[in-house]
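A closer look at the structure
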Protein chains: 2
Amino acid sequence: MEIKIMKNILDRNQDKAREVRELLLSKKVLMVNLISSPGAGKTTLLERTCSRFCDEMKIGVIEGDITTDRDAQRLKKYNIPIVVINTEGGCHLDSHSISKALDSFDLDNVNVLFVENVGNLICPSQFDLGENFKVAMVSTPEGDDKPGKYPMLFREARAVLLNKTDLIPYTNFDLDCFRLDLQHVNARIPLFEISCIKGDGLSEWYNWMGEQIRI
Amino acid sequence: MEIKIMKNILDRNQDKAREVRELLLSKKVLMVNLISSPGAGKTTLLERTCSRFCDEMKIGVIEGDITTDRDAQRLKKYNIPIVVINTEGGCHLDSHSISKALDSFDLDNVNVLFVENVGNLICPSQFDLGENFKVAMVSTPEGDDKPGKYPMLFREARAVLLNKTDLIPYTNFDLDCFRLDLQHVNARIPLFEISCIKGDGLSEWYNWMGEQIRI
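Predicted model, so just to flag it, every value in this text is computed and none were measured.

1. With respect to helix α8 (residues 202–214) of chain B
Residue and element names in this part refer to chain B. When the terminal C-alpha atoms of α8 are compared, their 18 Å separation across 13 residues agrees well with the 18 Å that a helix rising 1.5 Å per residue should span. Of all the residues in α8, the buried ones are L202, W205, Y206, W208, M209, G210 and Q212. Tucked into the core, α8 has its buried residues touching β1 (30–35), α2 (42–53), β4 (112–116), β5 (133–139), β6 (159–163) and β7 (191–193).

Printed below as a string of structure tokens:
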């Protein structure tokens with residue numbers, strides 16, 4: 001019975017995601033769904049990415065959070081439109097809440113919309129929000145075994161960001177093991193090894209994001 | 001409608017959790033439900049805790065994992081009974097899967113049963129497994145803002161473990177902020193600041209666990 005219920009929920013989510021996708025296509029807005037565990041560095045990545053791109057294009061952000069607006073507060077300095085979705089305990093965003101949030105944007109004045117999903121490596125990967133693509137983020141202190149243990153997201157995503165590479169010398173994280181583990185799950189996915197705090201490796205991510213925006 | 005469905009699922013889970021709790025009480029088994037984000041250090045904590053206690057009491061472990069048995073493999077060296085529950089994409093354990101797993105244990109020969117839940121800071125906090133209590137684990141690289149952002153678990157748990165304190169010098173983690181954030185969510189909860197890798201602070205955790213077992 002629970003499988004049937006889950007199928008209904010996912011079907012209804014998919015219908016609304018289709019609507020969202022059509023709307024964004026008609027408005028020429030690229031939507032990126034950013035997913036990671038809690039504290040992997042999603043907001044710091046968005047700070048860096050907004051700082052890099054906000055002069056040359058119009059960025060918007062949807063912040064998914066269980067109960068606070070702390071992440072949105074950190075992005076206010078970029079003077080961009082931000083909408084907070086508080087899930088009130090919900091473990092992922094869905095296309096219905098995204099559709100509602102889009103009403104608060106002037107979509108004619110947005111080129112790229114980043115969605116920072118709720119911090120969770122599992123449930124968000126199952127819900128299509130109408131995005132152009134998902135980006136998976138994982139950080140080195142979480143361990144080198146995450147792609148194999150949480151494969152759904154790494155199969156679904158169009159790119160993987162490995163954050164906090166600056167902490168590798170202080171942990172038992174094995175970069176070769178991680179790369180191999182990821183390769184087993186998704187052989188051709190682009191991997192960006194970065195440190196959002198130090199700035200390492202970000203230019204490759206910016207170049208790649210720039211290409212996606214221009215496609 | 002989804003709220004009603006969720007209520008039904010939780011009600012059925014609660015009924016089975018009651019059965020599990022009665023069974024464990026009759027067998028004098030203490031069950032601890034360990035919850036954290038992916039990669040916070042649950043398995044390393046269990047390695048340490050098994051190593052400390054396995055000579056003086058009979059320990060069992062239930063390993064909740066989405067798809068692999070990697071965590072269970074790491075605990076095999078302690079020669080203790082271990083049952084793996086693969087949730088096949090499911091984001092939390094429930095009391096029905098625990099009840100089934102208990103059939104594989106000789107409960108007359110178990111004093112403490114640790115349940116390592118699926119790596120997820122959100123969903124597992126909502127599902128009573130029939131445990132005596134939940135323990136919340138969070139690691140310093142996840143940031144000092146986790147109790148406020150993910151309050152449900154920190155309200156539900158009987159103790160909090162802050163792991164990877166050895167990484168504090170290399171991150172922007174503020175211990176005072178974390179303590180304050182936790183205090184706002186759950187003022188009286190015991191907090192153990194530990195490094196499972198280095199062994200720091202573990203004796204306080206062992207003492208506390210020892211007390212819980214003897215109560």
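Let's pick the thread back up.
2. Some points on the sheet that holds β6(B)
Residues and elements named next belong to chain B. Sheet architecture is open: seven strands sit in the order β3-β2-β4-β1-β5-β6-β7, paired in parallel fashion. Two strands in the sheet have a free side with no partner beyond their single neighbour: β3 (82–86) and β7. Taken over all neighbouring pairs, the strand axes of this sheet differ in orientation by 20° on average, direction set aside. The pairing of β5 with β6 spans five bridges and is parallel.

3. What to know about the nonpolar core
Membership of the largest hydrophobic core comes to 42 residues, with the highest contact counts inside it found for I122(A), F154(A), I122(B), F154(B) and V160(B). Taken together, the elements giving at least two residues each to this core come down to β5 (133–139), α6 (151–156), β6 (159–163) and α7 (175–185) of chain A together with β5, α6 (151–156), β6 and α7 (175–185) of chain B. With sequence-adjacent residues up to four places away left out, F154(A) is seen in contact with A136(A), V138(A), K146(A), P147(A), V160(A), L182(A), V185(A), N186(A) and I189(A).

4. Some remarks on the sheet that holds strand β2 (residues 59–65) of chain A
Residue and element names in this part refer to chain A. Strands sit in the order β3-β2-β4-β1-β5-β6-β7 across an open sheet of seven strands; the sheet is parallel. Here the strands that pair on one side only, and so sit at the sheet edges, are β3 (82–86) and β7 (191–193). Averaged over all adjacent pairs, the angle separating strand axes in this sheet is 20°, with direction ignored. Judged from the five bridges that link them, strand β1 (residues 30–35) and strand β4 (residues 112–116) form a sheet pairing that is parallel. For V32, the partnering residue across the bridge sits in β4 and is F114. With respect to the sheet, helix α2 (residues 42–53) is in contact with β1, β2, β4, β5 and β6, its orientation differing from that of β2 by roughly 170°. Packed onto the sheet, α7 meets β5, β6 and β7 and runs at close to 160° relative to β7.

5. Topic: the pattern of salt bridges
Residues and elements named next belong to chain A. Inspection of every chain in the model, using the stated rule, returns 34 salt bridges over all chains. The closest approach of N and O atoms between K7 and D11, which form a salt bridge, is 2.9 Å. Remark: D11 and K7 occur in helix α1 (residues 2–26); sequence separation between them is four residues, near one turn of the helix. The class for D11 is partly exposed, based on a relative accessible area of 34%. One salt bridge connects R21 with D128, and the closest N-O pair in it is separated by 2.7 Å. Remark: D128 occurs in the loop between β4 and β5 and R21 occurs in helix α1; sequence separation between them is 107 residues. In the salt-bridge network here, residues are joined through shared partners; they are E47, R74 and K77.

6. Examining the interface of chain A and chain B
With 40 residues of chain A at the interface, the matching set in chain B holds 40 residues. Summed over both partners, the interface of chain A with chain B comes to about 3,100 Å²; 59% of that surface belongs to carbon and sulfur atoms. Put simply, chain A and chain B have six salt bridges between them. When the shortest N-O distance is used, the salt bridge between D65(B) and K149(A) registers 3.8 Å. Connecting chain A to chain B are 12 residue pairs in polar contact (both at pLDDT 80 or more). Per-element tally for the side of chain A that touches chain B: the top contributor is α1(A), with four residues. The residue makeup of the side of chain A that touches chain B, split by class, is 17 nonpolar, 11 polar and 12 charged.

Rules used throughout
- Residues numbered from 1 in each chain as written.
- Chains lettered and ligands numbered in written order.
- Predicted model: local features only at pLDDT ≥ 70, side-chain atom pairs only at ≥ 80, totals over all residues.
- Heavy atoms only, no water.
- Helix = DSSP H or I, 4+ residues; strand = E, 2+ residues; numbered from the N terminus.
- Expected span 1.5 Å × (residues − 1).
- Buried < 20%, exposed > 50% of the residue type's maximum accessible area, 1.4 Å probe, protein only.
- Contact = heavy atoms within 4.5 Å.
- Pairing = 2+ DSSP bridges.
- Axes fitted to C-alpha atoms, helices over the stretch in contact; angles between N-to-C directions.
- Core = buried A, V, L, I, M, F, W, Y, C linked by side-chain atoms within 4.5 Å.
- Salt bridge = Lys/Arg side-chain N within 4 Å of Asp/Glu carboxyl O.
- Buried area = accessible area lost by both parts, 1.4 Å probe.
- Polar contact = N/O pair within 3.5 Å; in protein donor to acceptor, adjacent residues only side chain to side chain.
- Nonpolar A, V, L, I, M, F, W, Y, C, P; charged D, E, K, R; others polar.

So yeah, pure geometry; function would need other evidence.
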